[in-house]
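Examination of the molecular architecture
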Amino acid sequence: LPFGGGIRRCIGAAFALYEMKIVMGTILAHTELELERPQPLPIQRRAITFWPKGGTRLRQTLRPN
């Protein structure tokens, strides 16, 4: 749990999550992301989440204005 839980929960958690939405929205509005290698990736499972085994490399390019 990144912000703790229960009585010891971080008081800045809500602001941090809101700020991350703004930052990600700004980045994605001005750039394009694509897979470095456009091929199927092996999937790894941990508990209830899935992600590409070994991570994923992305290429970021600025969008033309």
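Scope of this entry: the structure provided in the associated data block. (Residues numbered from 1 in each chain as written. Predicted model: local features only at pLDDT ≥ 70, side-chain atom pairs only at ≥ 80, totals over all residues. Heavy atoms only, no water.)

Right, let's talk about the pattern of salt bridges for a bit. One pass over the full model with this rule turns up two salt bridges. The closest approach of N and O atoms between Arg59 and Glu34, which form a salt bridge, is 3.6 Å. A residue pair is termed long-range when its members are at least 10 positions apart, and Arg59 in strand E4 (residues 58–62) and Glu34 in strand E1 (residues 31–35) qualify at 25 residues. Classification of Arg59 as partly exposed rests on a relative accessible area of 36%. For Glu36, the salt bridge goes to Arg57, with nearest N and O atoms at 3.4 Å. Taken together, the residues span a long stretch of sequence, with Glu36 in the loop between E1 and strand E2 (43–46) and Arg57 in the loop between strand E3 (49–52) and E4 at a distance of 21 residues. (Salt bridge = Lys/Arg side-chain N within 4 Å of Asp/Glu carboxyl O. Helix = DSSP H or I, 4+ residues; strand = E, 2+ residues; numbered from the N terminus. Buried < 20%, exposed > 50% of the residue type's maximum accessible area, 1.4 Å probe, protein only.)

Looking at the element boundaries, Thr31 is found in strand E1. Here Ile27 takes part through its backbone oxygen, which lies 2.7 Å from a polar atom of the side chain of Thr31. Among all residues touching Thr31, those that are not within four sequence positions of it are Gln60, Thr61, Leu62 and Arg63. (Polar contact = N/O pair within 3.5 Å; in protein donor to acceptor, adjacent residues only side chain to side chain. Contact = heavy atoms within 4.5 Å.)

A few words now on unusual backbone geometry. Here Ala47, not a glycine, exhibits a phi torsion of approximately 60 degrees, which is positive. Within the secondary structure layout, Ala47 lies in the loop between E2 and E3. Overall, the relative accessible area of 60% leaves Ala47 in the exposed class.

Counting through the fold element by element, Ala13 comes out in helix H1 (residues 13–30). In this structure Ala13 comes out as buried when scored by relative accessible area, which is 1%. Separated by 10 residues in the primary sequence, Ala13 and Phe3 have C-alpha atoms spaced 6.0 Å apart.

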